[in-house]
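Chain residues, written in single-letter form:
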Amino acid sequence: MENLVQDLTILNENNAENCETVKTTPDQNTGKGRKLYIESYGCQMNFADSEIVASILNKEGFDTTSDIAQADVVFLNTCSIREKAEQTVRNRLTHINGLKKQKPELLVGVLGCMAERLKSKFLEEEKIVDLVAGPDAYRDLPQLINQVDDGEKAINTFLSREETYADITPVRLNSNGVIAFISIMRGCDNMCTFCVVPFTRGRERSRDPQSIVAEAQDLFNKGFREVTLLGQNVDSYKWSAEENNKAWLEKKGITNTVTFANLLEMVAQVSPELRIRFSTSHPKDITDDVLHTMAKYENICKYIHLPVQSGNSRILDMMNRGYTREWYLDKIKSIRHILGESCGISSDMITGFCSETEEEHQETLSLMDEVQYDFAYMFFYSERPGTLAEKKFKDDIDEETKKRRLNEIIQKQTAHSLQRNKLDVGKIHQVLVEGFSKRSEEYLQGRNTANKVVVFPKENFSKGQYVHVLVTDCTGATLLGKAVH
Ligand code: SAH
Ligand code: SF4
Ligand code: F3S
């Protein structure tokens, strides 16, 4: 057991799902035509977009492949959030350049946020790139590919105020058949000063709730048992009843605007057997209505990702986050009050933002002590071209200090994760099985409602089942236990 515990710790620490990870496309073989290979970087929204891209190109006769060597078309769906994310893509392009030398007809395209940020500069800077498409231009991909086939470079980085790809059924890539992601909105209107997303993803727009509920229902019918509703700020989801779905909304008791709380409720009603998660919540916008809806439905998971970024109000103001330390801590109190102490809470944090003093950094540490996060994604500040912070403030904290502060918050979080997990030991948790544990096929793994990974001996259980597991041991990253019958 001890070995398993250690290995699991390492695996989970390497498996930060939020950022700069990469997924490739699975194999489809209809023998219809050209083969598409997509590598995705960045956040879940980018991963979800790759599924839209695969769907659009499937209709054009493309099969997906997980083997880049088999591909006729290679797409990198890129992220710009930190400099490192962009560097990773540049390095990948260098590697792909080698492949293209052996196969000159290989079409290389860059999609996503870095494509949007760099636009035609990409074509100038990276000679290997044939096609550049921003996040709102994916319907144009067949046409852009034709253009490359005709011997031209192709680019579309037009940002839309309306596009939500609502009518496109995503092709589930790398799916375990149990959990899936549903985009409920696109873009972001918040203008946090450090953030490139408003520039790469454009204005915020919400997707038609009827199409969201239909997608959740379709997933459930296909055997999926968990959906995560995705948006940069899900709490500002807003849909005004329109002629085309007025009657549908009235049947659900909504005559005016659909809020995120309303949407959550509609998706929760698809089936009590379908779990609902969502990401990301914004501290300035999350409402008690959302918390009460979560409390009302057993199948809405008791887990909230509520990025704080900093524990100091002056820095939060400079970041244009729209809340103070006190406001944030009040929100945490409401969560604990309405959803209980065991509700999972996680965060994102940035160290070394412009002019951050040692005392202000200490306030991030003390906020962490107060909140006791279950988990956190932690970064040091990386100045992004074009952002408000780049224009207004000096990136004046040296890298050594940024990294030292980052290490301090990581150390604290590691201790808190372990403490929080220890509170789960001795309790029975409902786990939705997602598949074999990464370490051994004798064990299964899934998550409890609070989003914690639970590993237990497989017995006769299988993927997609809900299992009650008595947790007997834990690491900072994983709960370990045994099914109770
Ligand atoms: N919409 C989400 C965040 C999306 S980006 C929210 O508002 O919380 C994911 C995380 O990346 C952010 O929460 C932030 O912690 C981090 N991040 C964004 N820009 C960054 C930058 N310039 N440098 C370092 N980290 C950054
Ligand atoms: Fe970026 Fe802020 Fe929008 Fe999140 S809410 S995507 S951090 S601008
Ligand atoms: Fe990266 Fe764009 Fe997501 S910048 S984090 S891929 S929205």
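A few points on the structure. Just so it is clear, the model here is predicted, and its values are computed rather than measured.

How each quantity is defined
- Residues numbered from 1 in each chain as written.
- Chains lettered and ligands numbered in written order.
- Predicted model: local features only at pLDDT ≥ 70, side-chain atom pairs only at ≥ 80, totals over all residues.
- Heavy atoms only, no water.
- 1 Å grid on protein atoms, 1.4 Å probe; cavity = no way out; pocket = protein on both sides within 12 Å on 5 of 7 lines; lining within 4 Å.
- Points joined across faces, edges and corners; volume = space filled by probe spheres on them.
- Helix = DSSP H or I, 4+ residues; strand = E, 2+ residues; numbered from the N terminus.
- Nonpolar A, V, L, I, M, F, W, Y, C, P; charged D, E, K, R; others polar.
- Pairing = 2+ DSSP bridges.
- Contact = heavy atoms within 4.5 Å.
- Axes fitted to C-alpha atoms, helices over the stretch in contact; angles between N-to-C directions.
- Near = heavy atom within 4 Å.
- Buried < 20%, exposed > 50% of the residue type's maximum accessible area, 1.4 Å probe, protein only.
- Polar contact = N/O pair within 3.5 Å; in protein donor to acceptor, adjacent residues only side chain to side chain.
- Expected span 1.5 Å × (residues − 1).
- Arc of directions from axis to C-beta.

**A short note on empty space enclosed by the protein**
On inspection of all chains with the given rule, the structure shows 2 cavities of 30 Å³ or more. Taken as a whole, the largest cavity spans an internal volume of roughly 70 Å³. Counting only elements with at least two residues in the lining of the largest cavity, the list comes to α2 (44–58) and β7 (179–183). A total of 4 residues in the lining of the largest cavity trace back to one element, the largest contributor, which is α2. In terms of residue class, the lining of the largest cavity is built from 6 nonpolar, 2 polar and 5 charged.

**Considering the sheet that holds strand β5 (residues 131–133)**
A sheet is described by the order of its strands in space; here 6 strands give the open sequence β2-β1-β3-β4-β5-β6, paired in parallel fashion. Across the chains shown, the open sheet's two edge strands, defined by having one partner strand only, are β2 (63–64) and β6 (154–156). Pairing of strand β1 (residues 35–40) with strand β3 (residues 73–78), which is carried by 5 bridges, proceeds in the parallel orientation. Each bridged residue has a counterpart across the sheet, and for serine 40 the counterpart in β3 is asparagine 77. Together, β1, β2, β3 and β4 (107–111) form the strand contacts of α2, whose direction differs from that of β1 by roughly 170°.

**Topic: the site of ligand 2**
What surrounds ligand 2 is the set Cys188, Asn190, Met191, Cys192, Phe194, Cys195, Val197, Pro198, Gln232, His282 and Arg321. Of the residues contributing to the shell around ligand 2, the split by class is 7 nonpolar, 3 polar and 1 charged.

**Examining the environment of lysine 153**
If you trace the backbone, lysine 153 turns up in the loop between α6 (141–149) and β6. Using a relative accessible area of 38% as the deciding quantity, one classes lysine 153 as partly exposed. Once residues within four sequence positions are removed from consideration, lysine 153 is found in contact with Leu123, Lys127, Val129, Asp130 and Gln147. Within the structure, lysine 153 has its side chain in polar contact with the backbone oxygen of valine 129 (distance 2.7 Å).

**As for helix α14 (residues 358–371)**
An α-helix turns once per 3.6 residues; consequently, residues spaced three or four apart project the same way. Its 14 residues give α14 an end-to-end C-alpha distance of 20 Å, which sits within 8% of 20 Å, the value for a rise of 1.5 Å per residue. Every buried residue of α14 is listed here: Glu360, His361, Thr364, Leu365, Leu367, Met368 and Val371. The arc that holds every buried residue of α14, seen down its axis, measures 155°, which confines them to one face. With respect to the buried face of α14, the exposed residues turned more than 90 degrees away are Glu359 and Glu370. In this structure, the buried side of α14 is in contact with α12 (313–318), α13 (325–339), β15 (344–351) and α16 (399–422). Downstream of α14 by one or two residues, glutamine 372 has phi in the positive range, about 60°.

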